[in-house]
Amino acid sequence: MQTATIDNNGLIAALVNRERISDDLARHLFSPAFDAARPELYAAADRVRQENVGDHVFIRGIIEFSNHCRCQCDYCGISCHNPEISRYRMTHDEVFETASRAHGLGYRSLVLQSGEDRAYRVEDICRIIESIKTRLDMAVTLSIGEWSREEYASFRAAGADRYLLRIETSNQALYERFHRDSKWHERHQALMDLKELGYQVGSGILIGLPGQDGPGLIRDLEYLERLRPEMVGIGPFIPHPQTPLGNQPAGLFENCLTFLALLRLYLPDAFLPATTAMGTVDPLGRQKALKAGANVIMPNVSPVMNRPSYQIYPNKICQDDDAGKCQKCVQSLISALGRTPDFGHGHIRRSIY
Ligand code: SAH
């Protein structure tokens, strides 16, 4: 794609054809000069979504079962370096009861999310997975950070179907600046291991990390294209006052929507959530995401009393809404868009994982 004079219509046609994006075009896509053409990009992504993954919006309930974490991610409110939050850890029975309640509301797909909490042994996590799989027959997605390959294999053997692990950024230097206790290559290797172990893998990035630019975002897109995960979740960086990045500006909503639309064009059959973070920075964020390529929504089904302590970023939406209220809310949100809420297992139908 050439950039001398950027013709936005030609540009969108090139994006639909999945042409390589130059650095100049990358800067253009994430600048105000592209604003007038954004609705056309979103409409193109919406068409590609419809053709490739249809009109169902898959609903997965999230249980945030522990906010203890051994990591110090500079943007995250539950980092071990934040002494100002009260920490909680749900027992096997509490997680199972929460899952049963979600099952009673019709959910058949759950995401178990936590900080990296080593108070749970591998067998504890396995027992939670096994109970949910065998007694409730729900699809189980884990979002519990980095463990070893053998541990991922044990979770998989216990029945876990999917694993979410965002790469956060494909730029190693940027990654290691904000994760002083982690290595980019280990995160990348974890994603490779998860793929090999037969998980449906979800990855993704944060939009608007300090130091990130348009060309960097396109490199993230190319990384995700090569990784070819079954799911990609993205959202704006939202500064949390009790973290080292607390004074930095939040990621821009329109940049998230643009990146989401590009994901839909470049990974046409991936499952892409309209994330809670997108709904937090824009009151209609999740609806706009569902009209720009997204086909998944992940309402919180955690016990309401724990939610104030699971603020990975501030002002998270739906804090006071119990699982029943969230369920009705997302159902009407999806129906209002003319789409079909789908509470099923929501497996990704790809012939080769
Ligand atoms: N411990 C798990 C789960 C992390 S929480 C793991 O490491 O994978 C899920 C996601 O929340 C993270 O991957 C990160 O992208 C996002 N997140 C964390 N802090 C955030 C912030 N301040 N603003 C926006 N998103 C944030």
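Above this text you will find the structure in question.
Keep in mind that what you see is a predicted model, and the values were worked out from it rather than measured.

Rules of the game
Counting restarts for each chain: residues are numbered from 1 in the order of the written sequence. With the structure being a predicted model, the display of local features is reserved for residues of pLDDT at least 70 and the display and counting of side-chain atom pairs for 80 or more, all residues being used for whole-chain, interface and lining totals. Side-chain numbers come from the whole structure's heavy atoms, not from hydrogens or water. By this definition, two strands are paired if DSSP reports at least two bridges between them. Helix and strand assignments come from DSSP, with helices taken as H or I runs of at least 4 residues and strands as E runs of at least 2, each series counted from the N terminus. Throughout, a residue-residue contact means that at least one pair of heavy atoms, one from each residue, lies within 4.5 Å. Note on geometry: axes are lines fitted to C-alpha atoms, helical ones only across the stretch in contact, with angles between N-to-C directions running from 0 to 180 degrees. One heavy atom suffices: a residue is near a molecule or strand as soon as one of its heavy atoms comes within 4 Å of it. Under the rule applied, a polar contact is a pair of N or O atoms within 3.5 Å (in protein, one hydrogen donor and one hydrogen acceptor; residues adjacent in sequence only if both atoms are side-chain atoms). Three classes are used, and their members are as follows: Ala, Val, Leu, Ile, Met, Phe, Trp, Tyr, Cys and Pro are nonpolar, Asp, Glu, Lys and Arg are charged, and the others, Gly among them, are polar. Between buried and exposed lies partly exposed: a residue is buried under 20% and exposed over 50% of the maximum accessible area for its type, with that area taken using a 1.4 Å probe on protein chains only. Directions are taken from the helix axis to each C-beta atom, and the arc is the one they span. Charged residues are defined narrowly, with Lys and Arg counted positive, Asp and Glu counted negative, and His plus the chain ends left uncounted. What makes a salt bridge here is a side-chain nitrogen of Lys or Arg within 4 Å of a carboxyl oxygen of Asp or Glu, nothing more. By definition, the crossover connecting two strands over a helix is right-handed if that path, from the first strand to the second, turns clockwise as seen with the strands pointing away from the viewer.

Enquirer: Any chance you could explain the sheet that holds strand 11 (residues 340–342) here in plain terms?
Expert: Adjacent strands of a sheet pair through backbone hydrogen bonds, lying either parallel or antiparallel. Here we have 3 strands laid out as an open sheet, ordered 10-1-11, and parallel in their pairing. The open sheet has two edge strands with one neighbour each: strand 10 (296–297) and strand 11. Where strand 1 (residues 56–59) lies against strand 11, 3 bridges are found, and the strand directions are parallel. Paired with Val57 across the two strands is Pro341, which belongs to strand 11. Contacts from helix 13 (residues 323–336) reach strand 1, strand 10 and strand 11 within the one sheet, and its direction differs from that of strand 11 by about 145°.

Enquirer: How do you make sense of the site of the ligand when you look at a structure like this?
Expert: Surveying the vicinity of the ligand reveals 17 residues, the closest of which are Tyr75, Ser114, Arg166, Glu168 and Ile238. Between the ligand and Glu168, the relevant distance is 2.6 Å, taken from an oxygen atom to a side-chain nitrogen or oxygen of the residue. Measuring from a nitrogen atom of the ligand, one finds a backbone N or O atom of Ile238 at 2.8 Å. Here the shell around the ligand is built from residues that sort into 9 nonpolar, 5 polar and 3 charged.

Enquirer: Please clarify how helix 1 (residues 8–16) should be interpreted in this entry.
Expert: Residue pairs spaced three or four apart in an α-helix point in one direction, given the helix's 3.6 residues per turn. All buried positions along helix 1 are accounted for by Asn8, Leu11, Ile12, Ala14 and Leu15. Seen from one end, helix 1 has its buried residues packed into an arc of 160°, which puts them on one side. The backbone nitrogen of Asn9 has a side-chain oxygen 3.0 Å away, supplied by the residue at the start of helix 1, namely Asp7. Of the residues flanking the end of helix 1, it is Arg18, one or two places downstream, whose phi is positive at about 55°.

Enquirer: Mind showing me how you'd approach the sheet that holds strand 2 (residues 61–66) here?
Expert: If you trace the 6 strands from one edge of the open sheet to the other, you get 2-3-4-5-6-8, paired in parallel fashion. Where the open sheet ends on each side, the last strands, each with one partner, are strand 2 and strand 8 (231–232). As paired strands, strand 6 (residues 200–203) and strand 8 are joined by 2 bridges and run parallel to one another. Paired with Gly202 across the strands is Met231, a residue of strand 8.

Enquirer: I tried to follow the environment of Thr243 on my own but got confused; where do I start?
Expert: Within the fold, Thr243 resides in the loop between strand 9 (235–236) and helix 10 (253–266). Residue classification places Thr243 among the buried positions, given a relative accessible area of 10%. For Thr243 and Tyr313, which are 70 residues apart along the polypeptide, the C-alpha to C-alpha distance reads 9.6 Å. Discounting chain neighbours no more than four positions away, the residues touching Thr243 are Asp74, Tyr75, Cys76 and Gly77. A distance of 2.6 Å separates a polar side-chain atom of Thr243 from the backbone oxygen of His240.

Enquirer: What exactly am I supposed to notice about the side chain of Arg339 here?
Expert: Note on placement: Arg339 falls in the loop between helix 13 and strand 11. Asp46 is the oppositely charged side chain nearest to the buried, salt-bridge-free Arg339, at an N-O distance of 4.2 Å. Filtering out sequence-adjacent residues up to four positions away, Arg339 remains in contact with Asp46, Arg49, Asp55, Val57, Leu290, Ala294, Asn295 and Ile334.

Enquirer: How should I be thinking about the pairing of strand 4 (residues 139–143) in this particular structure?
Expert: In summary, the side chains of a regular strand alternate between the two faces of the sheet. Most of strand 4 is tucked away, with 5 of its 5 residues classed as buried. The alternating pattern of strand 4 places Ala139, Thr141 and Ser143 on one face and Val140 and Leu142 on the opposite face, and all of these are buried. One ladder, built from 5 bridges, connects strand 3 (residues 109–114) with strand 4; its direction is parallel. Within strand 4, the residue paired with Leu110 across the bridge is Val140. One crossover worth recording links strand 3 to the parallel strand 4 by way of helix 5 (residues 122–136), and it is right-handed. Bridging between strand 4 and strand 5 (residues 162–164) involves 2 bridges; their strand directions are parallel. Each residue of the ladder has a partner; that of Leu142, found in strand 5, is Tyr163.

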